[in-house]
Amino acid sequence: MNKSFCMVAMSSVLVIMTSSAFAAKDRTGAEVVKAVCTSCHETGKDGAPKIGDLAAWGPRMAQGIKTLTTHAVQGYRGMPAHGGEIKATDIELSRAIIYMITPKSAASEGMNTSMAIPKFTGKDLYAKRCQECHATGKDGAPKTGDAKAWGARMEKGMDGLIASAVNGHNKMPSRGGLATISDAEVKLAIEFMISKASTSFAKQQAKPQR
Ligand code: HEC
Ligand code: HEC
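Please read all numbers here as calculations on a predicted model, not as lab measurements.

Draft legend 1. The packing of helix 4 (residues 65-74) against helix 5 (residues 90-101), seen in detail. Across the interface, helix 4 lies against helix 5 with an axial gap of 9 Å and an inter-helix angle of 120°. The two elements helix 4 and helix 5 cross, and the hand of that crossing is right-handed. Touching Ile-65, Leu-68, Thr-69, Ala-72 and Val-73 of helix 4 are Asp-90, Leu-93, Ser-94 and Ile-97, all from helix 5.

The structure is reproduced here in structure tokens:
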């Protein structure tokens, strides 16, 4: 086979791969999981935690979503870097992880259009609004960092949590009282509170029971 032809063919493949990585809009968690992660996480191949299996994900979640994302980006034991698909972005990977932990959020993935340019990060929105009640547990709000309180609520799936926060739920005001924030921003703030809960869960496990 002609060597220089090979080189040209290879470099055009590289160009196509690179440009599609730039052109592509971040996919939803559901899309990434379907395209990339199901091949192992559907069946639990090589010990991969199965989609929706909270018992399997629980102890891993204790590391926090940040660490889980880092592991998915860099690879972790039998888990290949980027799930083997190098063009999967960090945001896509973290969405895919949240989706695998709470696949019931499938419907909320439809909100992806409003998800493109959030004005607030989850942390900012939390600081501006949610902490007012969720930092102290005012009126029975699940406290930020309380893994037990959030764990029970998470059984509704991310979709259910977003719906309650968007529509209001008992003493929880619709959109935390900020009418102008998007569903996507609400989701980010919830993810922020849940990621804090996962971190504190890790600390609780490391400490002996009080
Ligand atoms: C080739 C099989 C394979 C594919 C594809 C794959 N995974 Fe995994 N994944 C694994 C295995 C195996 C583990 C368990 C690793 C271990 O803990 O030993 C794992 C574990 C993980 C973990 C937990 C890491 C931790 O810190 O406990 C995350 C998060 C994860 N995968 C995310 C993803 C995402 C997101 C995708 C799709 C983009 C994906 N995986 C695709 C095999 C795979
Ligand atoms: C004025 C106080 C207050 C503010 C501000 C507030 N919350 Fe809440 N939130 C609550 C209370 C109280 C509950 C518990 C409601 C219940 O289950 O009875 C709650 C519950 C929730 C739940 C769980 C709902 C469920 O279905 O279990 C989510 C998710 C949530 N809040 C998200 C947010 C987000 C995101 C923000 C910021 C944008 C926010 N909250 C701001 C008071 C508040």
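From this point, the narrative continues.
Draft legend 2. Broad picture of the confidence of the model for the protein chain. Counting all residues, the mean pLDDT for the protein chain is 75, and 74% of those residues have values of 70 or more. This model gives residues 5-23 a pLDDT under 50, and the stretch forms four contacts once residues within four places in sequence are excluded. Contacts for the low-pLDDT stretch residues 105-117, under 50 throughout, to residues beyond four places or in other chains number 20 contacts.

Draft legend 3. Up close: the site of ligand 1. Every one of the 27 residues lining ligand 1 counts as a neighbour, but Cys-37, Cys-40, Gly-78, Met-79 and Gly-83 are closest to it. Elements with a minimum of two residues in the shell around ligand 1: helix 2 (29-41), helix 4 and helix 5. Residue contributions to the shell around ligand 1 peak at six residues, all from helix 2. By residue class, the composition of the shell around ligand 1 is 15 nonpolar, eight polar and four charged.

Draft legend 4. Focus on the site of ligand 2. By nearness alone, 26 residues border ligand 2, and Cys-130, Cys-133, Ser-164, Met-172 and Gly-176 come closest of all. Among the elements that make up the shell around ligand 2, the one with the highest residue count is helix 6 (residues 122-134) (six residues). Each residue belonging to the shell around ligand 2 can be placed in one class, and the counts come to twelve nonpolar, seven polar and seven charged.

Draft legend 5. Representation of the nonpolar core in the model. By size, the foremost hydrophobic cluster in this structure holds 36 residues, and its most contacted members are Val-33, Ala-96, Ile-97, Met-100, Ala-189, Ile-190 and Met-193. Only helix 2, helix 4, helix 5, helix 6, helix 7 (147-154), helix 8 (157-167) and helix 9 (183-206) provide two or more residues apiece to this core. The residue makeup of this core includes at least three contributed by each of domain 1 (26-101) and domain 2 (115-206). Beyond its immediate chain neighbours, meaning those up to four positions away, Ile-97 contacts Ile-65, Leu-68, Thr-69 and Ala-72.

Draft legend 6. Broad picture of helix 4. Residues Leu-68, Thr-69 and Ala-72 constitute the buried set of helix 4. Each buried residue of helix 4 sits inside an arc of 100° when the element is viewed along its axis, so together they form one side. Turned more than 90 degrees off the buried face of helix 4, the exposed positions are Lys-66 and Gln-74. The secondary structure elements touched by the buried residues of helix 4 are helix 3 (54-61) and helix 5. Backbone geometry just after helix 4 places Gly-75 at a positive phi near 90°.

Conventions used here
Within each chain, residue numbers correspond to sequence positions counted from 1 in written order. Key to labels: chains lettered from A, ligands numbered from 1, both in the order written. Restriction of local features to residues with pLDDT of at least 70 applies here, the model being predicted, together with a cutoff of 80 or more for giving and counting side-chain atom pairs; totals for whole chains, interfaces and linings are based on all residues. Only the stretch in contact is used when a helix axis is fitted, and all axes are lines through C-alpha atoms; the angle between N-to-C directions ranges over 0 to 180 degrees. In DSSP terms, a helix is any run of H or I states spanning at least four residues, a strand is any run of E spanning at least two, and both are numbered starting from the N terminus. Left-handed describes a crossing whose near helix is turned anticlockwise from the far helix through less than a right angle; right-handed describes the clockwise counterpart. In this description, any two residues whose backbone-derived C-beta atoms lie within 7 Å of each other are considered to be in contact. Looking at any residue, its pLDDT shows the predictor's confidence there, from 0 to 100. Near, for a residue, is defined by distance from a backbone-placed C-beta atom to a molecule or strand, with 6 Å as the limit that must not be exceeded. In this count, Pro and Cys sit with the nonpolar residues alongside Ala, Val, Leu, Ile, Met, Phe, Trp and Tyr, while Asp, Glu, Lys and Arg are called charged and the others, Gly among them, polar. Joined through C-beta atoms within 7 Å, a set of buried Ala, Val, Leu, Ile, Met, Phe, Trp, Tyr and Cys residues constitutes a nonpolar core. As a rule, residues whose C-beta atom has 12 or fewer other C-beta atoms within 10 Å are exposed, those with 20 or more are buried, and those in between are partly exposed; C-beta atoms are placed from the backbone. An automatic or database domain assignment provides the domain bounds reported here. What the arc describes is the spread of directions from the helix axis to the C-beta atoms.

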